[in-house]
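Descriptive structure summary
Listed below, chain by chain, are the residues.
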Amino acid sequence: MRPRSTLLRISLTVSPFTANVYKGSKMGQSNGIATILRTCHLSNNLCSNSTSCSKRMRELKGDVYPCMGCRSFLTPDPINHKYYSRFNQGVVTLNLVDVALSSNKNMDAFWHILDERLNLCYKALMTRHNSLKGTLSDVAPILWQYGAYARLKPGEKIDKLLFDNYSTISLGYAGLYECIHYMTGGSQLNEEGKAFGLSVMKKLNDTCFKWSEHTNISFSLYGSPIESTTYKFAKCLKKRFGVIPGVTDKDYVTNSYHITPSQKIDAFSKLKIESEFQELSPGGAISYVETPNMTKNIPALLEIIKYIYENIMYAEINTMTSYCHVCGCIDIYMGDDLEFHCPQ
C-alpha cells in the first residue's frame, strides 16, 4: 500500500511569537511558538506559513498589516492607515521568459520588447479598471453598502473607490529565473545574474509608479501565484521557441522572483537573496523554504523563523509531515517518480 500524504495547513504569523523567541525563552519549552510547532508535528499536521509581518514590514512599508489571500499586499496608507475594507481591482501577469526569448539575447532588444509588453499589460489592466467604472453598489450590498468594502448609498456608483489609493490594481510577473538564465547564463546566485534580475524588477516597479502618477490609480508590482498559469506559460514557450536547456525544458515556469527549485542552496542564503527581490515587489510576494521532516529538530525551524523575522517580510516553511498508513512511519520521502515512499 502506498503511503498517503496527510497535510493540514496552519497559518502562523511570526510577530506574535517573537517576544517568546527573543526574550530568552528556551526553544522546545512548552510555551509560545515552540509549543505550537511541537503540537502540530506530533499530530502529523503541517505547520507551514511563517509571516514576518512586523520588523521588516514596518521598515519597508511604514505599517504592519496582513496580506490578502496568499501574498497580495495593499499599498501603504500613511494618512489613514486603513488596510481593512480595501480591495484589489485585478491582475495581469507578464511572462518574462517570453520577453527574454523574443530578444534572442540582445540586451537592447530585451528592454525594447519589455517596454512593448508593459504597454500591452497597461492596456489590459485599464480594461479591467474601466469595466468596474459605473458599477452600482446594489450589485453586492454586503460589499459596497454594508461595510465589507465600503458604506455607499443604494444606487451609488463605486467609481470613487477605484482611485486615490483606496484600492490597488496589480502588474504580475513570472519566470524571472528563466529570464535571467537565458540573458546572462547565470541566476540570482551569481553577481551578473542577480544584478540583471534586480534591474528588471526595478524597471517593473518604476513602471507601476509612473502609471500611478499618471492615472491616480494605485498600480503595484505583484509576484503572481500563477497556479495553473505556470504550466500554460511553459507549454506556450515550448511551442513557440522549442526546448531550450535550463529555460523551456521543464513543465513549469519558476514563480515570480524565486530561485529555481533545482538549484542547491541553504535556507538562510535563499531567504537573504530573495529578500532583495521581495522589496521590489510591494504589491505582493512570498518566499519559500523547503525542508524535510522536522519533527526531531524543532529548534532548527525556530532558527529559520527568527531569520525570516530579521531579514524578509513574508516567507513560508514547507516541511514534509506525511506518514505511512500501514506502519505509521513518519520518515516519508518523495522519490524521483514524484510518489511518496515509506522506508519500512
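Residues numbered from 1 in each chain as written. Predicted model: local features only at pLDDT ≥ 70, side-chain atom pairs only at ≥ 80, totals over all residues. Heavy atoms only, no water.

Remarks on helix α11 (residues 298-311)
In this model α11 runs 20 Å from its N-terminal to its C-terminal C-alpha over 14 residues, within 8% of the 20 Å that 1.5 Å per residue would give. For α11, the full list of buried residues reads I298, L301, L302, I304, I305, K306, I308, Y309 and N311. (Helix = DSSP H or I, 4+ residues; strand = E, 2+ residues; numbered from the N terminus. Expected span 1.5 Å × (residues − 1). Buried < 20%, exposed > 50% of the residue type's maximum accessible area, 1.4 Å probe, protein only.)

Remarks on the pairing of strand β7 (residues 314-319)
With six of its six residues buried, β7 lies for the most part within the structure. Covered by surrounding structure in β7 are Y314, E316 and N318 together with A315, I317 and T319, the residues of both alternating faces. As paired elements, strand β6 (residues 287-291) and β7 share five bridges and run parallel to each other. From the neighbouring strand, E290 faces β7, where its bridge partner is N318. Handedness of the crossover is the feature at issue here: the chain leaves β6, passes through α11, returns alongside β7, and the resulting connection is right-handed. (Pairing = 2+ DSSP bridges. Right-handed = clockwise from strand over helix to strand, strands pointing away.)

Section: unusual backbone geometry
Located in the positive-phi region is H81, a residue other than glycine, with phi close to 55 degrees. On the secondary structure map, H81 appears in the loop between α3 (55-61) and β3 (87-95). A positive phi angle is found at D164, which is not glycine, with a value near 60 degrees. If you trace the backbone, D164 turns up in the loop between α6 (141-144) and β4 (167-174).

Description of the confidence of the model for the chain
Per-residue confidence for the chain gives a mean pLDDT of 83, with 83% of residues at or over 70. The model gives residues 1-31 a pLDDT under 50, and that stretch makes 77 contacts with residues more than four places away or in other chains. (pLDDT = per-residue confidence, 0-100. Contact = heavy atoms within 4.5 Å.)

Section: the nonpolar core
In this structure, L96, F110, L171 and L204 are the most contacted members of the largest nonpolar core, which totals 44 residues. Once residues within four sequence positions are removed from consideration, L96 is found in contact with L114, Y173, A174, G175, L176, C179, V200 and L204. V289, I308, A315 and I317 belong to the second-largest nonpolar core, a separate cluster that totals 13 residues. (Core = buried A, V, L, I, M, F, W, Y, C linked by side-chain atoms within 4.5 Å.)

Some remarks on the packing of helix α4 (residues 96-103) against helix α5 (residues 107-132)
In a pair of packed helices, the angle between the axes and the distance between the axes together describe the arrangement. Packing of α4 against α5 brings their axes to within 8 Å, and their N-to-C directions diverge by 135 degrees. The orientation of α4 with respect to α5, classified from their angle, is oblique. For the pair α4 and α5, the crossing hand works out as right-handed. Taken together, the residues of α5 that come into contact with α4 (itself represented by L96, D98, V99, A100, S102 and S103) are A109, F110, I113, L114 and R117. Of the residues belonging to the contact of α4 with α5, the class tally is seven nonpolar, two polar and two charged. (Axes fitted to C-alpha atoms, helices over the stretch in contact; angles between N-to-C directions. Parallel < 35°, antiparallel > 145°, perpendicular 65-115°, else oblique. Left-handed = near helix turned anticlockwise from the far one by under 90°. Nonpolar A, V, L, I, M, F, W, Y, C, P; charged D, E, K, R; others polar.)

Here's the deal with a nonpolar patch on the surface
The grouping of I142, L143 and Y146 at the surface amounts to a nonpolar patch, some 320 Å² of accessible area in total. Mapping L143 onto the fold places it in helix α6. (Patch = residues over 30% accessible without salt bridge, like charges linked within 9 Å, V, L, I, M, F, W, Y side chains within 5 Å. Areas by Shrake-Rupley, 256 points an atom, 1.4 Å probe, with all protein chains shown as cover. Salt bridge = Lys/Arg side-chain N within 4 Å of Asp/Glu carboxyl O.)

Observations regarding the packing of aromatic side chains
Considering all chains together, one arrives at 13 aromatic pairs under this definition. Relative to W144, the ring of F87 lies with its centre 5.2 Å away and its plane at 85 degrees, an arrangement referred to as edge-to-face. Note that F87 is positioned in strand β3 and W144 in helix α6, a separation of 57 residues in sequence. An identical accessibility class is assigned to F87 and W144; each is buried. Taken together, the aromatic side chains of F87, W144, Y149 and Y166 make up a single cluster linked through ring pairs. Directly above the ring of Y182 sits K105, whose terminal nitrogen or CZ lies 5.1 Å from the centroid. One cation-aromatic arrangement involves K250 over Y252; the distance from NZ or CZ to the ring centre is 5.4 Å. (Phe/Tyr/Trp six-rings, centres within 6.5 Å; stacked < 30°, edge-to-face > 60°. Lys NZ or Arg CZ within 6 Å of the ring centre and 35° of its normal.)

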